[in-house]
Every structure is written in structure tokens, then in C-alpha cells.
Amino acid sequence: MSDAERRESARQFFYKWQNKGQEKKDDQSYWLDFLQDVLGVERATDRIEFQKDIVKPDGKPGWIDAYIPETHVLIEQKSLGIPLDKPQQWHDGMTPYEQAKMYDNCLPHSEKARWILVSNFAEIWIYDLEERRPEPKKFLLSDIQAKYSLFEFLVNKKQQKISQEMKVSIDAGRFVGLIYEALYKQYIDPDNVESLKSLNMLCVRLVFCLYAEDAHIFGTNGHMFHDYMDQFETKDMRKALIELFRILDTPENERDPYDDSPLSQFPYVNGGLFAREDIEIPRFTDEIRDILLNKASEGFDWSDISPTIFGAVFESTLNPDTRRSGGMHYTSIENIHKVIDPLFLDDLKAELNEIKAIQVEKTRNAKLMAFQDKLASLSWLDPACGSGNFLTETYISIRRLENEVIKELKGGQIFFTTFENSPIKVSIDQFYGIEINDFAVTVAKTALWIAESQMMKETEDILLMQLDFLPLKTNAHIVEGNAIRMDWDNVCPRSKLKYIMGNPPFIGHQWRGQEQVDDMAIAFHDLSKHGKLDYVTAWYNKSIDYMKGENSVAAFVSTNSIVQGESVGILWDFLFKKGLEIQFAYRSFSWSSESTESATVHCVIIGFTADKSNNKKILIDGEKKDYVDHINGYLISAPNVFIQSRGKPRTEGMPEMSKGSQPTDGGYLLLNVKERQEIINQYPDAEKLIKRYISADDYINNRYRYCLWLKDVPPSEYRGIKPIMERLEKVAESRKNSPTASVRKDANKPMLFTQIRQPTTEYLAVPEVSSEKRRYIPIGYLTPDVIGSNKLYMIPNASLFMFGILISNVHMAWMRIVAGRLELRYSYSPAVYNNFPWPSPTDDQKLKIENTAQGILSARALYPNSSLADLYDPLTMPPELQKAHTANDRAVMNAYGFDIKNMSEADCVAALMKMYQEMTK
């Protein structure tokens, strides 16, 4: 089946199934039609199994709606109108995905699902179970007409790793790389700045020509550019290209009327893409000819590229800065939609669906036309747009909505009288961007032109009529410059703008160059304590100043550091006082750059406005979406509280927490197992001078290291031990060479740690860094002869009651919000402990917690050869330890007066925040 036939079959599938479908009655017909008509599967009934029998966890029989054995695809089908993200009363409150996952858990290992699909006929949500926290990729029924290739994985294992659209786009990027390298070698001075700019512009023009011929923009035969260039010998191709560029920039009415050469058949492009005649074009070689005409033209179809993906791949391939860093980087379309869907797209889709449901045709058509006018009136700004992928995907999404309107109006047979010159009202001149890299600016414009062409083709398919793409009539407003130092009002008047969005650069304070330091000072001219904030926060302050007094909304991807630790008190207290209100937020998740060298950053997405509203706010955590009244700076539904660093616990009577002791010794006071034994073998009396030394990693993984601990030891006891004296000599030398004055001062005390905080009694050890995969940080008791390092926090004289509280789910919930993060790992600090709201238990409640705390220690003791890493791995945690923790959690929640059965972790933190607010009044 050809692409044209498949596209038509997908269109017919949409028309057949729009606005209908009942579970159990229509699901088999729906999926058979999908496999046969959309995907072209022969003998579809042999490839899919309906009503697959299972035994549910309660022992009762159950049925999977549909299952595709060869690709391990499990399908849960719901009736039209059933929401896919809401709990179902008749399925124990599970969402459709949770129900499907429960069914999958009942399958034997050999049949476990690789993918789960949930559908209500109008939508299909896809979950990739290879993701650590699967999040749905959502498709409307109308999307299938253009994106049917993305469903190849249903019946083709080869398509399960990468979609055709993505593959074509990445392959196109590789061809561009080949062209770039071959042309680069032909420049007289290829590293000259102007030569590089010419080379980049030449590649952009060649890509446009390759795309334009395959998309039939240049002519109906689809190989016009290839045939024109192919008629010239290699030595003449440079001149031919110069003449082609000139004719593409010349309107038809200004051309030689007597010219009937093949060159005269090319259309006028406009848009400034071919305007510069002074770009440097090198001589062509046979290698360049082969790449351009054979590999990149004859053997490849550019019309299938995704402009959203390709624009970024293109920019990464050719931008000298990103080329040096290695790999092709772009933001996946799914991640872009995490920003734009809650920012505006979900609301616009819902509004359109309400209009389409109107029964009176005249009223419906009037509302549809008004909705189209609304789409054409909106404006978007990405103030760190890069190659424009957020703008491009937004344009495509808005045009798809407009195409739905056009299709509805066509169904009412009124489109001929409604539209004058073109039925399309949405244009790329509604899109604004700021980008500091000159080449990325050009790529962003080109990607939007390609998107405009592809969406016009979809409109043509709806109307069954041809529309004129050339000459280019619109132009995106992509401005080159430093967004932090520009007045955004000069790019797009604030009164005109509705939405700000994007993925500004992440640069922590320790990695900033002088230019970024200066940028931060400009952006935070009204906040002196901005030094430790991430660079991305500059866009927040610029945005809130720009949006003041306007009904506009912004959403940015940001590092999760801006909602953790001390950043919250600095940034969000300041922004809230300026009138910022968080409208929606994705809590911390892994944001993977789709790249040849995949870079994963742990991010949040925050949508905000300067326009105070009483609307419900949306808080998203993985697959869970909650509608709340308020979202604070920690991204929880709780009051605006800001946890401050402090030296002592707020709760009276609690022992102080301190860091362990720090050697600052060049490594010479520390010993491994072998080094310790060698000294003891030679000097048995030295054993008492060597103590176990334990960091967070040593403690959790039960690793053994040692240190020379000579505090209060007379010199006569170690002066005669040669290996100890040699080590002390090296410690002194290391400290003398330190850039820190206090360390240099301690060079005269090489026998002692530079910072000594070791308790003289038993103490609770709290690891500074612990894996986010663990439900509990492995806290425990150590004796005073075990020396805690500066990577361990210590609480001396901690009672069993304190241990029970600190190891509980209540304290862990607080910690997950208040602690900082190292990547995604928890980074504990005294601020977590010192600000923690303790309960006021009765004597019985306190005794109960002491007993359950001892139960945890007893359960650990059953496995003396297992490390805490073994015991607290979610996959290997022993049942006895799980049971002990559950009992302790219940006892602690009871002491707080919390609802054990119905309180979520977010509810628990919100309650603790209120307690903190009372404590600090």
C-alpha cells in the first residue's frame, strides 16, 4: 500500500469512527479496521486476540480487551466519552491504564506487555513500558490521518524503537552532515567566520530545495531540483546553483519573458531565504555531486521529515558550537507537549469539541468560524527558541485544530462562501522567537516554512483542492540576540502576546561564565541574592515583568533545583511577592534529550501568570493529575512557606544535628583495609589508633575504610610508628599547599582532622546523599568509635522515638520536598531536620513508636550479612523489614492525627507545611 493510499485509508477510518463507539460492541471492529485499513495488515484477525482470558489477583476471571502477541501490545478499550485519566468506580477506582497494568501483571512472564494502549474511540493513549515511569503519548482520532506511521510498532517489532517520522528526520540530519563536511573542505579559508556563515546558509538553501522538490512545491514531478542540477557537469554546478538561487529570489513578473529554459520553471520563493547574493559558494567536487544528487535526492524522500525534530537535528549538525560538543540534540515532540498541552492546547481542544457537539448547524458553523478567528488572533513567544522546535510543534498543533474547523465547515458545504482567497487563517507570523545563535535563527525560520508547507498539504487533502504555497507570504518573527538583555516588548508588544513558552538554558551558578553572571545581574536587577540561582530563573523574572497587567501565561522547562533546597526561599518568595501565580506544574521527572549522546536532565515544568485568578490549578506527578486551589514554590498544594536554613531545631528539646568530621588531608589520614592491616602487622600497638571511618556510601553499602584518629593521643604512642609519621608528613605538606588559609593554618596539626565533630556517645547516622529509588533513607545507629565523615550527618543521644519518627514515611515525605537533589538522588541537609514539625504524642503513642522503631532494627538484624543497600532496595527489601516499616508508619501517622487510609504523600506534606507555618508565626 502506497503512502497516498494509506493516508486516504486513515482518513476514511477517521470518518467512519468519529463520534461513535461502545466498549464490547464496537471494539473488535474498531481495531480490526485500524490494523487492516490504517496499517495495511493482512489477515488481521490472525494477528490480534480479543477477550484474552486471565485470572485477576482476587482469583476471579478477567478479560483483556485486545492483545497482539507478536509485539506484546495490550489494549484496554473504553466507550466513547469515558475519560482516560479518571478513576473508574466500577473498576475499584483504577484509571484505564491502572486497570490494564493490573491485567498485565496477571500474564505469564513470556506474555508481559511491551506497550499498553488505552482508548475511548476518540483518543488513543500509548504507554511505553520500557520507560521507568511511563507517561502517555496521546493521539486524537483526527491525528491518525497524519501520524499513522507512528503506530507501526503495533505489528512491526522493528518500528518499536523509533518512529518513521523520527528516523527520516535523523537520516536527513546525517545527509546534511555529509553535505556540510564535503563543502567545508572546498572553502579557501573554511574556519573564517564569514565563510562558516556562508556555508551554513548554503546548507539551509540546499535543504529547502531538496524538501521543495519532494513536497512538489517546485513542481509536480517531484525531482525538479535534481534534474536541473544533474544536467551540469561537476565543474559547472557552482555557477548553476548561483543562477538557481537568483531566479528563486526573482518574482515571475520581473524575469526575462523570453527565457524558456528549465531554470525559468522554478517558482518565486520570497521570504528572504535566497535574497543574499554575496554568500560564498565553493567549487563542487564529484563527492559533493554524488551526495547531493544520489544519496540526498534520488534515494531519499524529504517530504516525510518532521520539521520539529529536523530543525533541531539540522541545527545540531551544522552549528559549530554544538558540533564541537558532539552528538545531535533535540527535544522530543512528547516532551514539547508536556509544556504546550496544559499551557493552551488542552483548553483549545476542549473548546473545539464543545463546539462540534452543538446540534444546530447554523449555530455550530458560526461558532466554528469564531473559533478559527480566535486561533488566528493568538500569538506565541519562545524567548530562548534555539532551532524553533517549540514554535514549530505549536504551529503544527494549532493548524491541525484549524484543519478540524475547515473539515467541519466543509461538511456543512459552506466553505466556498466562507473563505475568500484561502481557507487558512493561522499563519507563522503569529510566532515570535529570540535566539542568540545566528544560524539557529535561520534554521528556526526554515523549519516553520516546512511545517507551513506540510500543514497546507493536509488542508488540501481535506478540501480536495490545490492551494498556493509559493511565494512565501508570511514570516516568523525570529530575532537574533540575547533574550536577557533585550526588551521583549520590542520583539512582540506585550498587549498582543498570549503565551510564552520554551526550554531556556540550564546553567548552575558554579558553571556560569562572566557573560551569564552579567546576564543574571541584569535579569535580577531587583533581587541582590540571586547568586546561587540557576540561569534558567532569569527567564522567569523577565517574563513576570513583561506579563504584568496582561492576561498572558508562560511555561518553562527548568532544572528541578529551582524548587528544592534554599533556592525556593530565594526565588519563589520574591516572585510570589511580584504577583506570580503558578497555574500548572509537572513535578520532577527525567527530561531526555533525544540525541546520539543522550543527555538526561531532571526537570520540572512550571506554568505561571501575573494575572491572579481563582481557577483550579493543575499539579502533575508522573501519571497523576490533581486539580488544586494553590501550588507553592515546592510544587505542592500547600501554603506559600519557605524553609530557611537554621543552626538549631525549631522544636525545643531536640538534639542538634551536625556534619561528621572532615580530614582535609590529601588522603593520607585515611586507609583501606589492606593498608590498615599492613601497619598493624608491623606495629600491633597501632590498632587502637586506627578507627573505622564511614561516609554515606560506606554506611549504606557496608564498605570498610579506616582513619588515623589521634585526637587526645599522646605523641609518644605514635611517634615511633614510621608509616604513621610518613603519612603525617604528607598531610602537613598537602595542607601547606592548600589555597584555603584555614587549611594552611592547620598544617601544624597534621595528626588531627581539620574539623572534628565526632560524638562521644551513640549517634544516629543520616546519609547526606541517598538514592531516590529507596522509599526510606537508611538511617541507623553508630557507636562513638566509628568516625563519621563529612558526608554523614549525626544526631547524638537520639532516642528510639526520634529514630521512629525520622525513619517514617511522614519524615521521608517532608524530606522529599525540602531536601535538595543531586541529579534525582536525595541530598539531605540540617534544614530538613531543624525545620521538621514534630508531633505531640500521648504517652501511649510514644511508646508505640518506640516499639515499632525497635521492630525495624530487629528486622534488619535478621540479615547481618546484608548491607543497607540490599535491605532497602525496593526489589529486595525483606518482607519482615517491609512489615516493620508499615507498622512504624502507621504508628507515626497516628501520632500526627493523620488519616492512615486516605492521606496521600502530597496531603501529608501539605499538612506538615501548615504545621510549619504555625511554628514560625
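Rules and cut-offs
Residues numbered from 1 in each chain as written. Predicted model: local features only at pLDDT ≥ 70, side-chain atom pairs only at ≥ 80, totals over all residues. Heavy atoms only, no water. Helix = DSSP H or I, 4+ residues; strand = E, 2+ residues; numbered from the N terminus. Rg over C-alpha atoms; globule rule 2.2 N^0.38 Å. Buried < 20%, exposed > 50% of the residue type's maximum accessible area, 1.4 Å probe, protein only. Contact = heavy atoms within 4.5 Å. Areas by Shrake-Rupley, 256 points an atom, 1.4 Å probe, with all protein chains shown as cover. Phe/Tyr/Trp six-rings, centres within 6.5 Å; stacked < 30°, edge-to-face > 60°. Pairing = 2+ DSSP bridges. Axes fitted to C-alpha atoms, helices over the stretch in contact; angles between N-to-C directions. Salt bridge = Lys/Arg side-chain N within 4 Å of Asp/Glu carboxyl O.

## Focus: the overall build of the protein chain
Step number 1: Of the regular secondary structure elements, the protein chain holds 32 helices and 27 strands.
Step number 2: Compactness check: the protein chain gives a C-alpha radius of gyration of 33 Å against a globular reference of 29 Å for 921 residues, within 12% of the reference.
Step number 3: Burial statistics for the protein chain: of 921 residues in total, 56% are counted as buried.
Step number 4: In the protein chain, the share of contacts with a sequence separation of at least 24, taken over all contacts with a separation of at least 6, comes to 70%.
Step number 5: Per element, the accessible surface of the protein chain, about 40600 Å² overall, is 47% carbon and sulfur.

## A closer look at the packing of aromatic side chains
Step number 1: Counted by the stated rule, this structure contains 47 aromatic pairs.
Step number 2: Residues phenylalanine 836 and tryptophan 838 carry aromatic rings whose centres are separated by 5.5 Å and whose planes lie at 75° to one another, so their mutual orientation is edge-to-face. Of the two residues, phenylalanine 836 and tryptophan 838, both sit in the buried class.
Step number 3: Between phenylalanine 836 and tyrosine 896, the ring centres sit 6.4 Å apart and the planes meet at 65°, which makes this aromatic pair edge-to-face. Of this pair, phenylalanine 836 sits in the loop between α28 (830-834) and α29 (843-861) while tyrosine 896 is found in helix α31 (residues 879-896), placing the two residues 60 residues apart along the sequence.
Step number 4: Residue class for tyrosine 896 comes out buried when judged on its relative accessible area of 12%.

## Brief notes about the sheet that holds strand β6 (residues 137-140)
Step number 1: With mixed pairing, the six strands of this open sheet are ordered in space as β1-β2-β3-β4-β5-β6. Each edge of the open sheet is held by one strand with a lone partner, namely β1 (49-55) and β6. Pairwise comparison of adjacent strand axes, ignoring direction, gives a mean angle of 30° for this sheet.
Step number 2: Here five bridges tie strand β4 (residues 115-119) to strand β5 (residues 123-128), and the two strands are oriented antiparallel to one another.

## Things to note about the pattern of salt bridges
Step number 1: For the structure on display, the rule yields 42 salt bridges.
Step number 2: Ionic pairing is found between glutamate 76 and lysine 78, a salt bridge with its closest N-O pair at 3.0 Å.
Step number 3: With relative accessibility at 1%, the residue glutamate 76 sits in the buried group.
Step number 4: One salt bridge in this structure joins arginine 114 and aspartate 128, with 2.3 Å as the shortest N-O distance. One end of the pair, arginine 114, is in the loop between α4 (96-105) and β4; the other, aspartate 128, is in strand β5, and 14 residues separate them in sequence. Comparing arginine 114 with aspartate 128 shows no difference in burial state: the two are buried.
Step number 5: Bridged by salt links that share partners, the residues Arg11, Lys457 and Asp461 form one connected network.

## Notes on the sheet that holds strand β18 (residues 670-671)
Step number 1: One open sheet holds the four strands; their spatial order is β18-β20-β19-β24, and the pairing between them is mixed. Where the open sheet ends on each side, the last strands, each with one partner, are β18 and β24 (786-788).

## What to know about the pairing of strand β20 (residues 705-708)
Step number 1: Note: β18 against β20, two bridges, orientation antiparallel. Bridge pairing in β20 links leucine 671 to tyrosine 706.
Step number 2: With four bridges joining them, strand β19 (residues 690-694) and β20 adopt antiparallel strand pairing. Pairing of tyrosine 693 across the sheet is with arginine 705, part of β20.

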